Amino acid sequence: MSQQQLRHDWRRAEVQALFEMPFNDLLYQAQSVHRRNFQPNQVQLSTLLSIKTGACPEDCAYCPQSVRYDTGLQREPLMALDQVLEAASRAKQAGATRFCMGAAWRSPKGKDLERVADMVREVRALGLETCATLGMLDEQQVEVLREAGLDYYNHNLDTSEAFYGEIVTTRTYEDRLNTLEHVRQAGMKVCCGGIIGMGESRADRIELLRTLANLPEHPQSVPINQLVRVKGTPLANQEAADPIEFVRTIAVARILMPRSYVRLSAGRTEMSDETQALCFLAGANSIFGGDKLLTTDNPELNADQQLFGRLGLEVEAAPGAAAS
Ligand code: SAM
Ligand code: DTB
Ligand code: SF4
């Protein structure tokens, strides 16, 4: 595997030029980069669990968990440790190597963080990589999670800085970048990506990927979500994302961040097998497995197994050595 130089100085015009390439050329380039850095037919499997659901004070326009939108979601307080461990064991049995715990918080408060730290310790003891997504964190909060052995922290940029204000008003883009900085400084791995299909322009998608790639380190995981249009949210009636543009976004992410895991994340229930196959060809090498994301549906294990069978894909047994 070659040690290709990682770049953090991408210019807007260069990223735009990638997006505008003929589709076949773009996929060929993305797949070539992918093969230099990863096993081409292996996909890493992560599983999500919502450990605290709904009643979130933030106003993210895509999110079914915001208290401001009536989405009919049943709120649930922070889960008990034994329930989390049960879900983690099931995920492991289904082939997941990473377990991601998500909480609908602006940021963790009081004793809650210690409880999550306990979950991290015990999930790790089951032999799973751990990830958490709990909202904004300051340096002290990051330290509590690092001490517990948290492997990854997920905090998405979601979109470009310019479009961000149309989607979220209760926290700034800079707040997000600060949390990412704290996580990185503590030496934890970063999982950071965005959402496609929120009404953003291609220019916004270009800026999102450019911002991710120009961070001091590439996020080790880059989730690319397709908007799940949940009834009751402001984006419920958004036009469906264009699958070809979605695949292009994956391909450009792969080219800009050659050694990162690019995750084909939310939105797979609405994608054809063919679109998902193109995403893998474009360099996606991770998915969320299990029949739920946080609160919305994800393809059943059976459907994913069948798709993997048809494509000759294998679930990665342990994190690949090529990941940076
Ligand atoms: N509350 C924490 C936060 O926002 O940082 C963590 C949980 S939040 C649900 C994690 C991420 O899920 C969001 O940043 C967003 O990218 C993604 N997400 C939420 N709702 C989504 C939807 N309807 N479609 C696609 N992605 C979504
Ligand atoms: C990410 O980028 N996508 C995941 C995970 N990180 C936390 C969440 C997707 C949530 C989709 C909407 C839901 O199920 O509530
Ligand atoms: Fe809250 Fe996170 Fe949903 Fe925003 S994305 S409303 S912060 S749970």
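Residues numbered from 1 in each chain as written. Chains lettered and ligands numbered in written order. Predicted model: local features only at pLDDT ≥ 70, side-chain atom pairs only at ≥ 80, totals over all residues. Heavy atoms only, no water.

Peer 1: Quick one: what's the story with the overall build of the chain, residue by residue and with numbers?
Peer 2: Scanning the chain from N- to C-terminus turns up eleven helices and ten strands. A compact globule built from 324 residues should have a C-alpha radius of gyration of about 20 Å, and the chain, at 18 Å, falls within 12% of that. For the chain, the C-alpha atoms occupy an extent of roughly 50 × 40 × 35 Å along the three principal directions. Burial statistics for the chain: of 324 residues in total, 56% are counted as buried. Across the chain, every contact between residues at least 6 apart in sequence was considered, and the portion connecting residues at least 24 apart equals 76%. Of the roughly 13,800 Å² that the chain leaves accessible, carbon and sulfur atoms contribute 47%. Distance between charge centres in the chain, computed from 34 positive and 42 negative side chains, equals 2 Å. (Helix = DSSP H or I, 4+ residues; strand = E, 2+ residues; numbered from the N terminus. Rg over C-alpha atoms; globule rule 2.2 N^0.38 Å. Buried < 20%, exposed > 50% of the residue type's maximum accessible area, 1.4 Å probe, protein only. Contact = heavy atoms within 4.5 Å. Areas by Shrake-Rupley, 256 points an atom, 1.4 Å probe, with all protein chains shown as cover. Lys, Arg positive; Asp, Glu negative; His and termini not counted. Charge placed at Lys NZ, Arg CZ, Asp CG, Glu CD.)

Peer 1: Could you give me a rundown of the side chain of D204, with the residues and numbers involved?
Peer 2: For D204, the position within the fold is in helix α8 (residues 202-213). Put simply, D204 is tucked away with no salt bridge, and the nearest opposite charge, on R12, sits 6.6 Å away. With residues near it in sequence (within four places) discarded, D204 still touches T159, S160, A162 and F163. (Salt bridge = Lys/Arg side-chain N within 4 Å of Asp/Glu carboxyl O.)

Peer 1: Break down helix α4 (residues 112-125) for me, with residues and values.
Peer 2: One full turn of an α-helix is made of 3.6 residues, so residues set three or four places apart face in the same direction. Over its 14 residues, α4 extends 20 Å from the first C-alpha to the last, a length consistent with the 20 Å expected when each residue adds 1.5 Å. As for α4, its buried residues are in contact with β1 (42-52), α3 (81-93), β2 (98-103), β3 (129-133) and α5 (139-148). Remark: G127 follows α4 within two positions and exhibits a positive phi of approximately 90 degrees. (Expected span 1.5 Å × (residues − 1).)

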